[in-house]
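Working through the structure, step by step
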Amino acid sequence: MSRRIQVAPIGVLAATALAYLRWIRPWQLTWGATAAEAVRALPGDDLVPRPSFAATRAISIQAPPERVWPWLVQVGMNRAGWYSYDLIDNLGRPSAVTILPQFQDLAVGDTVPMSPSGRVSFPVLAMSAPYSMVWGTADDLTWTWQLDREPDGSTRLLSRMRCRYRWTSPMILVHLGLEFGDIVMMRRMLLNLRGRAEA
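In this report, we go over the structure that sits alongside the text. Keep in mind the model is a prediction, meaning the values are calculated, not measured. (Residues numbered from 1 in each chain as written. Predicted model: local features only at pLDDT ≥ 70, side-chain atom pairs only at ≥ 80, totals over all residues. Heavy atoms only, no water.)

**Here we look at the pairing of strand β1 (residues 53–61)**
A regular strand places its side chains so that they alternate between the two faces of the sheet. Note the following rule: Whether a residue is buried, partly exposed or exposed follows from its accessible area with a 1.4 Å probe, protein chains only, as a fraction of its type maximum: under 20%, in between, or over 50%, in that order. In this description a helix means any DSSP run of H or I spanning at least four residues, a strand means any run of E spanning at least two, and both kinds are numbered starting from the N terminus. What makes two strands pair is DSSP finding at least two bridges between them.
Judged by how many residues are buried, β1 sits mostly within the fold: 7 of 9 residues are covered. Here β1 pairs with strand β6 (residues 155–163) via 9 bridges, running antiparallel. Within β6, the position partnered with I61 by the bridge is T155.

Dropping the structure here:
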């Protein structure tokens, strides 16, 4: 009886892991993106050539890139927030619902803060306003934003994150957080970003 009890949880764990790898992970890594968008080359891909985690999410926004861009360049802690679950990623402070002029001058070499002190942040590695922006650190993690103008004048917004897991680093806990929690925050951010840009 005890052996049966021990085997059952192992079987449940194995089935859960298999279901995650077979159905949930592919869905969450490409939420909103077409098959072509998921594999197309984007700025910054070469900086993390062999990622452990590579996610491309996308959303259509009924506004031109010039109206979406200001919402993107102002994101960050102690800036406009992240337009996601503010209690989790913005210390409970509401994300901005207007364009903030004081945060519109983001440039290559600046940082996008992830913590109140700014010690945890994304350096801006590349930018081509209002169409693309790359944050991150070479050979470790990159976050690319791509804004494609559609024939009707709307925007197809792609967000790509590429991360190489370093299993012996203390940062592995943060990186594994991307694996399981990033889709929750990113989906919310993209939907709220769309709502703001279209309003």
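Next comes the rest of the description.
**As for the pairing of strand β3 (residues 121–128)**
In terms of strand pairing, strand β2 (residues 111–113) meets β3 through 3 bridges, oriented antiparallel. In the strand pairing of β3, V112 is matched with F122. Pairing analysis gives 4 bridges linking β3 to strand β4 (residues 132–137), with the strands arranged antiparallel. Bridge pairing in β4 links M127 to M133. Between β3 and β4, which pair antiparallel and follow one another directly, the connecting turn spans 3 residues.

**Quick look at the sheet that holds β6**
For clarity, the threshold we go by: Angles shown run from 0 to 180 degrees and are taken between the N-to-C directions of axes, each axis being a line fitted to C-alpha atoms and, for helices, limited to the stretch in contact.
Pairing is antiparallel across the open sheet formed by 6 strands, whose spatial order is β1-β6-β5-β4-β3-β2. The open sheet has two edge strands, β1 and β2, and neither has a second partner. In this sheet, adjacent strand axes meet at a mean angle of 20 degrees when their direction is disregarded.

What is shown is where atoms sit, not what they do.
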